[in-house]
Amino acid sequence: MKPTKEFTVADYLLTRLKQLNVTEVFQIPGDYVKHFTQALEYFDGIETIGTSNELDASYAADAYARTRGLAAVSLQYGVSTFSALNAIAGAYVEGSPVVVISATPGADARQIGSMYNVLYHHSTGNLNADQEVYERVTVAAETLSTSAGAPEKIDKLLIAAITHQRPVYIACYKEVWGEPCPKPSSKKLEPLVIKSEPAALENAVSQAWSQISQAKTPIIFAGIELLRHKLTKQLEELIKASGMLYTTTSLGKTVLDEKGDKFIGTYSDQASIPEVIKIVEASDCILSLGTIITDDYLWLVENKFSDMIQVTTQETRAGFFTYSNVTLKDFIEALTERFKRASGYPLKAIAPAQPKFPEPWRSNSDPKYDLTPEVITFNRFFEHATSFLKKEKMLDDIVMTFGVSSSMYVATNIYGLSQNAYISSAAWQCIGFETGAASGAQLGSGKQAWTVAGDGGFMMIAQSLSTLVKYNINSVIFVMSNGVYAIEQVYVDMDSFKAGPDHKFDEFDILPKWDYQALAKAFGANSYRAQTVSELDEVLLKLKKKTNLPTLVEIVIPQKDLAQQMARLGNE
């Protein structure tokens, strides 16, 4: 029975979240945070998603934020917040606005602790440790010791999250979440509008224009910030006005729908298809917008630094010239106007034809298995899965999630995904993210999540399958079952992938054997197993039939299958 009670600090935060289209909050319960969790349980319009552990909750919240625009996760003090730290750090690095909600020991506990030198449970002894740690992976962090001023402080935190598209941390003393609070305005919060300094903007655009207009083969390199900060319309206008071809980072894959004749494919360094590599390496001006340049792109910055125009929320650089107080939005719009006024634009450049099926998969499959066509390899899996999705016209109806894995890099070769349908840990590079992210991606987007997990990554977060079952989320989890941390071995000793008993994987990269069908049964999920290409095709057909339960699919691949995308990356 819903209790009758006055409006509280917890209700204020929940109301603000609901106004911002947060309709689910991921949760791990705890005694300190009980006043918030009790308010959440009875709050109309927001469902509690109680997860199996803190990483499950936080990976899910991260993926929800990427698809919905904002997310929230409620955690117990200390033991939960510290357990979730890895996931929130990933959200911080990759620009995902997650509101981390918690509570600390209250005023009475602090007084008793100080008087009698008592160490309260879940505490390190420093009662502000949670906030101090989270200040390193959020754009704003606050612990409220009283309800006085709570509305203003909550609003400020939420505005920071949606302005900067990164996590924030809010905790209260235990009792404060349950204290009375005024109701918020019915007007939802809006991000701050940050404007450029006019002279700096003009100088930056002029220098960029000088490089672009003199270039013979300029291209646009689009990144995830364009999607996070809702600048995709501006990107489309820029492409239309300039006529330039464009590619994306791995993290920024699907920043736009992968359609049209300007998209050359995703650039994932040597994991890219040859035509993409050729165009990027031949370009004499790379207009890099909203990208996070990781060490996956060392070749690019080492060889193309002076040819790059790098504009993000963090920096503005044209060649060797840097500029302060220039926003990404203002820069794109000002540059677009230059193209509209200039003669000779839009360029008539056309992207090369997409690889004809069964490419790019056939030539990238490990040649050791050329004479055994029924053996499933990484590339054969994607060959058949993407063919199925295109044939059944399902590409617009799914969202794919990846942690760092061989599959993540191989999947960057896919063409035809819809906008924001490729969610990955390509910058933070977290093994296991993909399975925890499934629930958040599906709830946030309203599309069915297709998760491709390495078996090592899945083992780290297998309990997420139970969360999917509990809430009738019918995601599909493919486990690439080769019994090893293959992506780790690539960078340790690639000779291990050579045929023959003399070439062995390091012991630390060998995984235990799991019975995935038994595991799925224990959790109450559907399950299939495919050991041959024919069995894979049969399983894919079965997935057409929708149920209200998740499906775990074990894809058995050889231990020594080395996708050629990974071979090229490892040989750099």
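Residues numbered from 1 in each chain as written. Predicted model: local features only at pLDDT ≥ 70, side-chain atom pairs only at ≥ 80, totals over all residues. Heavy atoms only, no water.

S.K.: Account for the overall build of the protein, with residues named and values stated.
M.R.: Scanning the protein for helices and strands turns up 24 helices and 19 strands. Computed over its C-alpha atoms, the radius of gyration of the protein comes to 25 Å, within 12% of the 25 Å expected for a compact globule of 572 residues. Across its three principal axes, the protein shows a C-alpha extent of roughly 70 × 65 × 45 Å. Excluding contacts between residues fewer than 6 apart, the proportion of contacts in the protein whose partners are at least 24 apart in sequence is 77%. Taken as a whole, the protein presents about 22,900 Å² of accessible surface, with 52% of it coming from carbon and sulfur. Positive and negative charge centroids in the protein, built from 53 and 65 side chains respectively, lie 6 Å apart. (Helix = DSSP H or I, 4+ residues; strand = E, 2+ residues; numbered from the N terminus. Rg over C-alpha atoms; globule rule 2.2 N^0.38 Å. Contact = heavy atoms within 4.5 Å. Areas by Shrake-Rupley, 256 points an atom, 1.4 Å probe, with all protein chains shown as cover. Lys, Arg positive; Asp, Glu negative; His and termini not counted. Charge placed at Lys NZ, Arg CZ, Asp CG, Glu CD.)

S.K.: Outline the packing of helix 1 (residues 9-19) against helix 2 (residues 34-41), listing residues and values.
M.R.: Running from N to C, helix 1 and helix 2 point in directions that differ by 55°, and their axes come no closer than 9 Å. Regarding the angle of helix 1 to helix 2, the classification is oblique. Handedness of the crossing formed by helix 1 with helix 2: right-handed. When helix 1 is examined against helix 2, the residues Ala-10, Asp-11, Leu-13 and Leu-14 are found in contact with a partner set consisting of His-35, Phe-36, Ala-39 and Leu-40. Residues belonging to the contact of helix 1 with helix 2 are distributed by class as follows: six nonpolar, one polar and one charged. (Axes fitted to C-alpha atoms, helices over the stretch in contact; angles between N-to-C directions. Parallel < 35°, antiparallel > 145°, perpendicular 65-115°, else oblique. Left-handed = near helix turned anticlockwise from the far one by under 90°. Nonpolar A, V, L, I, M, F, W, Y, C, P; charged D, E, K, R; others polar.)

S.K.: Go over the domain arrangement of the protein with me, naming the residues and quoting the values.
M.R.: Domain annotation for the protein reports domain 1 (9-178), domain 2 (198-341) and domain 3 (378-570). The straight-line distance from the C-alpha centre of domain 1 to that of domain 2 is 36 Å. Both faces combined, the contact of domain 1 with domain 2 buries some 610 Å², and carbon together with sulfur accounts for 47% of it. It is Arg-66, Glu-94 and Gln-165 that lose the most area in domain 1 upon contact with domain 2, and together they represent 60% of the buried surface on that side. The tally of links from domain 1 across to domain 2 stands at zero salt bridges. (Domains from an automatic or database assignment. Buried area = accessible area lost by both parts, 1.4 Å probe. Salt bridge = Lys/Arg side-chain N within 4 Å of Asp/Glu carboxyl O.)

S.K.: I'd like a description of the pattern of salt bridges, backed by residues and values.
M.R.: Under the criterion given, the structure shown has 17 salt bridges. The residue Lys-368 makes a salt bridge to Asp-366 at a minimum N-O spacing of 2.6 Å. On the accessibility criterion, Lys-368 (34% relative accessible area) is partly exposed. Under the relative-accessibility criterion, Asp-366 is labelled buried at 3%. It is possible to trace a salt-bridge network through shared partners that takes in Asp-62, Arg-66 and Glu-94. (Buried < 20%, exposed > 50% of the residue type's maximum accessible area, 1.4 Å probe, protein only.)

S.K.: Tell me about the sheet that holds strand 16 (residues 448-454), and please be specific about residues and values.
M.R.: Pairing is parallel in the open sheet, where six strands are placed in the order 15-14-16-17-19-18. At either margin of the open sheet sits one strand with a lone partner, and together these are strand 15 (422-424) and strand 18 (526-530). Taken over all neighbouring pairs, the strand axes of this sheet differ in orientation by 20° on average, direction set aside. Here strand 16 pairs with strand 17 (residues 476-481) via five bridges, running parallel. By the bridge assignment, Trp-450 is partnered in strand 17 with Val-476. Each of strand 14 (398-402), strand 15, strand 16 and strand 17 touches helix 18 (residues 433-445); the most contacted strand, strand 16, lies at about 170° to it. (Pairing = 2+ DSSP bridges.)

S.K.: Can you break down the UniProt feature "domain: Thiamine pyrophosphate enzyme central" (unreviewed entry) in the protein residue by residue, with the values?
M.R.: The UniProt record marks residues 206-317 with the feature "domain: Thiamine pyrophosphate enzyme central" (unreviewed entry), using the residue numbering of this structure. Taken end to end, residues 206-317 is 37% helix and 21% strand, and its first and last C-alpha atoms sit 12 Å apart. (UniProt positions renumbered as here; feature names shortened; annotations may be inferred.)

S.K.: Tell me what's going on with the nonpolar core, and back it up with residues and numbers.
M.R.: The biggest cluster of nonpolar side chains holds 106 residues, and the ones touching the most others in it are Leu-287, Leu-289, Phe-331, Phe-381, Trp-450, Phe-478 and Ile-555. Of all the elements, helix 9 (residues 198-214) adds the most residues to this core, at seven residues. Counting only domains with at least three residues in this core, you end up with domain 2 (198-341) and domain 3 (378-570). Each residue touching Leu-287, except ones within four places of it in the same chain, is listed here: Ile-212, Ile-219, Ile-220, Phe-221, Leu-238, Met-244, Ile-309, Phe-331 and Leu-335. Grouped together as the second largest cluster of nonpolar side chains are 62 residues, Phe-7, Tyr-32, Ala-89 and Ile-162 included. (Core = buried A, V, L, I, M, F, W, Y, C linked by side-chain atoms within 4.5 Å.)

S.K.: Can you break down the sheet that holds strand 3 (residues 71-74) residue by residue, with the values?
M.R.: The strands that make up a sheet pair up through hydrogen bonds in the backbone, lying either parallel or antiparallel. On the basis of which strands lie adjacent, the open sheet formed by six strands has the order 2-1-3-4-6-5 and parallel pairing. The two strands at the open ends of the sheet, each matched to only one other strand, are strand 2 (47-50) and strand 5 (140-144). Neighbour-to-neighbour, the strand axes of the sheet open up by a mean angle of 25°, direction not taken into account. Here strand 4 (residues 98-104) pairs with strand 6 (residues 168-173) via six bridges, running parallel. For Ile-101, the partnering residue across the bridge sits in strand 6 and is Ile-170. Of the strands in this sheet, strand 3, strand 4 and strand 6 touch helix 1, which is tilted by about 175° from strand 4.

S.K.: Go over the packing of helix 11 (residues 232-242) against helix 14 (residues 328-341), please, and point to the residues and values.
M.R.: A pair of packed helices is captured by two measures, namely the crossing angle of their axes and the spacing between those axes. At a minimum axis distance of 9 Å, the contact between helix 11 and helix 14 shows a crossing angle of 20°. On the basis of their axis angle, the class for helix 11 and helix 14 is roughly parallel. Seen from above, helix 11 lies across helix 14 with left-handed handedness. Here helix 11 contributes Gln-234, Glu-237, Leu-238, Ala-241 and Ser-242 to the contact with helix 14, which in turn contributes Lys-329, Ile-332, Glu-333, Leu-335, Thr-336, Phe-339 and Lys-340. Residues of the contact of helix 11 with helix 14, tallied by class, amount to five nonpolar, three polar and four charged.

S.K.: Please set out the pairing of strand 6 residue by residue, giving values where relevant.
M.R.: Of all the six residues making up strand 6, six are buried; the element is thus mostly covered by neighbouring parts of the structure. Of the two faces of strand 6, the one lined by Val-168, Ile-170 and Cys-172 and the one lined by Tyr-169, Ala-171 and Tyr-173 are each fully buried. Where strand 5 meets strand 6, five bridges bridge the pair, whose relative direction is parallel. Bridge pairing in strand 6 links Thr-143 to Ala-171. Tracing the backbone out of strand 5, into helix 8 (residues 150-164) and back to the parallel element strand 6 gives a crossover that is right-handed. (Right-handed = clockwise from strand over helix to strand, strands pointing away.)

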